[in-house]
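Report on the structure
What follows is the residue order along each chain.
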Amino acid sequence: MNLNRRNALRLGALASVAPAGLLHQGPAGAAPAAPGSWAVRPFGLDEVALGDGIFADKRDRMLHYASGYEAGRGELAGPDRMLYNFRANAGLPNPAGITPPGSWDDANGYLRGHYSGHFLSMLAQAYAGTGDDLYRRKLDHLVAGLGEARDALAAAAALPTPRVPGRTGTALRLTGSPLGHAEHVSLPSGLIDGLTELTIATWVNLTLPDRTRLPDPGQDPAPLLNGAKVFSFGANADRHLYLTVRADNANPFPRFAITTGGAAGEQRVTGTAPLPTGVWTHLAVVLGAGTATLYVDGTAAASGPVALSPADLGATAANWIGRGQFPQGSVQYLGALVDSFHVFGTALGAGEVAALAAGEGPGGDLASYLFDEASGPVCADSSGNGRDAEVVAPTDGRRHPGFLAAYPETQFLRLEEFATYGGNAGIWAPYYTTHKILAGLLDAHRISGSTDALDLAAGIGEWVHSRLSLLDRARLDRMWSIYIAGEYGGVNESLADLAQALPGRPEFLETARYFDNTALLAATVAGEDLLDGKHANQHIPQFTGYLRMYEQGAGEDYFTAAERFWDMVVPHRAYAHGGTGVGEIFRARDVIAGSLWQFPADGNHAETCCVYNLIKLSRNLFFHTKDPKYMEYVERALFNQILASRRDADSTTNPQVTYFVPVRPGQRRGYGNTGTCCGGTGMENHTKHQESVYSASDGALYVNLYLSSTLDWADRRTEVVQTSELPYEGASRIEFSGRGGRFGLKLRVPAWATSFTVEVNGRRHPVHARPGTYVTVERRWRDGDTVDVAMPLRLHAEAALDDPQIQSVYYGPTLLAIKSGPVGADLATGLIDVSVGDDLDEAFEPAGEPLHFTADGRTFAPLHLGDEDPYHLYWRRHRPSAPTP
């Protein structure tokens, strides 16, 4: 048999102590323990080794990246890049010359940390598949670095919020930064309710934020950030009043505003000079008698008519120092020292304001905060009214020590209170990032046995529980329904995995339930298809998570949801290569041809992440049902979109994978994708090709895919070697060595295989082989037995669901694409007409290169070739007219 490096290492180490076939290494790479609801179980990545072939070629290119990424700087430089943002967030130094990975995972990226989680999974899978300790060393270094970051964050969170030297006595420091720590002071609800007059006065020192606590210590933002609020009091983003240190680029001056109609309804007074920085400045706002006046250092800087008063705002529950209302505009936090914050229920005169600026006069009669108390989260009210305030900050003593991320908890706070998507005005997907880190740690534990990784994962689970258990169902539902910002990947899946890994911890399954997308979940259980317009990759992994939750005892509805969701996608929204989505969005059911020219204009259909997640869902449904339709989908997706998603060129600088594999005729693939979601899943895709080849039950071995591979079936002290010629020839040989014993060999008959024959030890074995089923060879297997499977490849066309004339063509499992650029701009002009009669074999001629054909003057080539040539997956079949007699 052909041995890859992994098999050679294992055989060399064990040949002297174990009989043939006993190659199992133990827990590394093992599949998760089979839930009781599984009818069959998978094998671990270390139990199946790929043999020579196209899948091994793609795998080896990814291993080249995994081993060579930043190797010129040292063996651990690659993991150090993955740790950069975690260390920066925790205030830890980074090695000289090390930079963050880049793209969405750069120093200021809203998704920073997600790519590191995928990198963990890739290293774990590479180690399981090869046995090479290089990947284990990289993995251990990355886990250790994450542990150091977690401990530093926990140590900071355990410290009481410090007071610092102020103008008189001590002050509170707010570090600011648009991607910073969300430090602010929460004042009591109703503080200004019903007032017709108001004065707020305070001292501020507008400083640069603390360099040691920024996401990127090398880049300080300016302290005068547009929209950063000294204070904001109100009910919501539409009904509030505020003082900002800088209105906007056109008006880089302080502004007071009050509104009952959002930004468009603001009544404002704006200063005419910017505020100074690095010095103590007294600011005051006086509102009353239809006028608002803004004072700077005791002198009126702006004044104007303002008809509104606090009484017009209604109940004010959102009252803050250093923070504004969500979600309108650019959301910033104040970078400043704050001292002596006073709230008066009257409109002070100019002399009284001047006296305050001179350090004279009484404190606020409604509330007065001097920040002279001992360090901690409580800001004592010295007015005698008992209206103490609270500091909200990473050092407020209320944060769970399990928190681990490459950015502060700001993103999670923003999601809980509001969410939009994009730019400084919003957030991306914080729990998506959490999932990737959590999944990577769980892979490191399961595959390498790292107890440190499991400890980190458990801490993250506990931290998630500590946040979400405080929220009501209505808020959770709103969070998970938000486009992009509410995307959480499969964090519910990982929490269910934690519940399985740590029995006796029911809070993890409870936490997984917090991620229920209840409206869509209930509709899907009822069989109602609501997917049109939904973000595809935001929702596919939710259902994988539901299935894992069902396995841990969450209830039958979760299984029903997963099963029915899959049926809504495949085949109703699946393209010829297995991909789905127009751009990143599910479109109408059964509209395939009609979606080829839908938005977006660049033809970016079929996000690769979607296929990654659909394969996961398909596999897990198969383990429950043994339904071959799920493995049919896995075969189509693997042999086509997944193989096509990896460029046929080596690289150590990026993973060379696709974001999209377009289906719009005449488009081409783009490769690279460092730091993107599909770059992350792409690293995983190509280091686990062997995961679905075999599965087993108590009395059977399932051969699901025909790939050259070696199975180490330790439970039966048996080795199974498969030598397959797919996708180039329809033949596969399976050889047994070791103890064997009686069991059924379940051979999948692919849907394209209209002829399927089986020989056992050279003799024809009778089977009733219907395409799309499994056939069983039941016998007592002995050392040296062979099984030969013949399934001649054939050309077969498949029509789009919404137009029988628009078709794709396959040779066996391989999708063939016309090599051509665009020929038109819509469905009428952009499809190539191909004259093909009823007999495909007559129309298609082999073109010399493997899996290449010509038909009607057009060249068809396998999609899996990782090139950048334009192509057409769909074409219009024109049946030639019969010749006139």
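In what follows, the structure referred to is the one given above.
Residues numbered from 1 in each chain as written. Predicted model: local features only at pLDDT ≥ 70, side-chain atom pairs only at ≥ 80, totals over all residues. Heavy atoms only, no water.

What follows is about the overall build of the protein chain. A tally of helices and strands in the protein chain yields 19 helices and 39 strands. For the protein chain, the C-alpha radius of gyration of 32 Å lies close to 29 Å, the compact-globule estimate for 885 residues. For the C-alpha atoms alone, the extent of the protein chain along its principal axes is close to 105 × 75 × 50 Å. Sorting the 885 residues of the protein chain into buried and exposed places 61% on the buried side. Long-range pairs, those at least 24 residues apart, make up 68% of the contacts in the protein chain with a sequence separation of at least 6. As presented, the protein chain carries roughly 30,000 Å² of accessible surface, and 50% of it is formed by carbon and sulfur atoms. Taken together, the 74 basic and 97 acidic charged side chains of the protein chain have centroids lying 4 Å from each other. (Helix = DSSP H or I, 4+ residues; strand = E, 2+ residues; numbered from the N terminus. Rg over C-alpha atoms; globule rule 2.2 N^0.38 Å. Buried < 20%, exposed > 50% of the residue type's maximum accessible area, 1.4 Å probe, protein only. Contact = heavy atoms within 4.5 Å. Areas by Shrake-Rupley, 256 points an atom, 1.4 Å probe, with all protein chains shown as cover. Lys, Arg positive; Asp, Glu negative; His and termini not counted. Charge placed at Lys NZ, Arg CZ, Asp CG, Glu CD.)

Attention shifts here to the nonpolar core. Of all hydrophobic cores here, the largest spans 150 residues; its most connected members are Y431, L441, L468, L701, L747, F756 and V787. In contact with V787, other than residues within four places in its own chain, are S732, R733, I734, F736, L745, L747, V758, E759, V760 and W781. In terms of nonpolar packing, the next biggest core, distinct from the first, is built from 48 residues, L195, L241, A336 and V391 among them. (Core = buried A, V, L, I, M, F, W, Y, C linked by side-chain atoms within 4.5 Å.)

The subject of this paragraph is the environment of G51. Examined against the element boundaries, G51 turns out to sit in the loop between β2 (48-50) and α2 (54-68). Placed 656 residues apart in sequence, G51 and L707 show a C-alpha to C-alpha distance of 7.6 Å.

It is worth spelling out the side chain of D105 at this point. If you trace the backbone, D105 turns up in the loop between α3 (77-89) and α4 (114-130). Put simply, D105 is tucked away with no salt bridge, and the nearest opposite charge, on R112, sits 6.8 Å away. Each residue touching D105, except ones within four places of it in the same chain, is listed here: N85, P100, L111, R112, G113, H114, Y115, S116 and G675. (Salt bridge = Lys/Arg side-chain N within 4 Å of Asp/Glu carboxyl O.)

Let us now look at the packing of aromatic side chains. Under the defined criterion, the tally for this structure stands at 40 aromatic pairs. A centroid spacing of 4.9 Å and a plane angle of 75° characterise the contact between W713 and F743, whose relative ring orientation is edge-to-face. On the criterion of sequence distance, the pair formed by W713 in strand β23 (residues 709-713) and F743 in strand β26 (residues 741-749) is long-range, its members being 30 residues apart. When sorted by exposure, W713 lands in the same class as F743, which is buried. Cluster of aromatic residues (ring-pair linked, three or more members): F403, Y407, F412, Y431, W463, W480, Y488 and F515. Positioned over the ring face of W320 is R323, at 3.5 Å from the centre of the ring. We note R779 situated over the ring of W781; from NZ or CZ to the ring centre the distance is 5.2 Å. (Phe/Tyr/Trp six-rings, centres within 6.5 Å; stacked < 30°, edge-to-face > 60°. Lys NZ or Arg CZ within 6 Å of the ring centre and 35° of its normal.)

Along the chain, A154 falls in helix α5 (residues 133-158). For A154, a relative accessible area of 18% corresponds to the buried category. For the pair A154 and P401, spaced 247 residues apart in sequence, the C-alpha separation works out to 4.5 Å.

Pairing is antiparallel across the open sheet formed by eight strands, whose spatial order is β10-β9-β8-β7-β14-β5-β18-β17. The sheet is open, and its two edges are formed by β10 (267-270) and β17 (378-379), each paired on a single side. One ladder, built from five bridges, connects strand β8 (residues 240-244) with strand β9 (residues 255-259); its direction is antiparallel. Residue pairing across strands places L243 opposite F256, the latter belonging to β9. (Pairing = 2+ DSSP bridges.)

Spatially, the seven strands line up as an open sheet ordered β2-β23-β24-β25-β30-β27-β28, and their pairing is antiparallel. The sheet is open, and its two edges are formed by β2 and β28 (763-765), each paired on a single side. The mean angle between the axes of side-by-side strands here comes to 20°, regardless of whether they run parallel or antiparallel. Pairing analysis gives four bridges linking strand β27 (residues 757-760) to strand β30 (residues 786-790), with the strands arranged antiparallel. (Axes fitted to C-alpha atoms, helices over the stretch in contact; angles between N-to-C directions.)

That bond from V570 to P571 is cis: its omega, 5°, falls within 30 degrees of zero. With respect to the helices and strands, the residue P571 is situated in the loop between α15 (556-569) and α16 (608-625). With omega at 5°, the peptide bond leading from L726 into P727 counts as cis. Note on placement: P727 falls in the loop between β24 (718-724) and β25 (731-738). The residue D590 is not glycine, and still its phi comes out positive at about 65°. Assignment of secondary structure puts D590 in the loop between α15 and α16. Despite not being glycine, D856 has its phi angle at roughly 50°, a positive value.

All right, on to α4 then. With 17 residues, α4 extends 25 Å between its outermost C-alpha atoms, agreeing within 8% with the 24 Å of an ideal straight helix rising 1.5 Å per residue. Of all 17 residues in α4, 17 are buried, a share of seventy percent or more. Phi turns positive one or two residues past the end of α4, at G131, with a value near 75°. (Expected span 1.5 Å × (residues − 1).)

The next thing to look at is the pattern of salt bridges. Tallying each qualifying case throughout the model produces 39 salt bridges. A salt bridge links D151 to R150; the shortest N-O distance between them is 3.0 Å. Judged by its relative accessible area of 45%, D151 falls in the partly exposed class. We classify R150 as buried; its relative accessible area is 13%. Note that E416 is salt-bridged to R467, the shortest N-O span being 2.7 Å. Here the residue E416 occupies a position in helix α7 (residues 410-417), and R467 occupies one in helix α9 (residues 451-468), the gap between them amounting to 51 residues. Across this residue pair, the class does not change: E416 and R467 are buried. Via salt bridges that share partners, R669, K819, D867 and D869 belong to a single interconnected network.

What follows concerns helix α18 (residues 677-685). Of all nine residues making up α18, nine are buried, and the element is well covered by its neighbours. Those residues of α18 that sit buried are C677, C678, G679, G680, T681, G682, M683, E684 and N685. Next to the buried residues of α18 lie α2, α4, α8 (430-448), α16, α17 (628-644) and β19 (657-658).

On to the packing of α2 against α17. Remark: α2 packs on α17, axes separated minimally by 12 Å, with the N-to-C direction vectors making an angle of 30°. With respect to α17, the element α2 is oriented roughly parallel. The two elements α2 and α17 meet at a crossing, and its hand is left-handed. Contacts between α2 and α17 involve I54, F55 and K58 from the first element and L638, F639 and L643 from the second. Residue classes in the contact of α2 with α17 are distributed as five nonpolar, no polar and one charged. (Parallel < 35°, antiparallel > 145°, perpendicular 65-115°, else oblique. Left-handed = near helix turned anticlockwise from the far one by under 90°. Nonpolar A, V, L, I, M, F, W, Y, C, P; charged D, E, K, R; others polar.)

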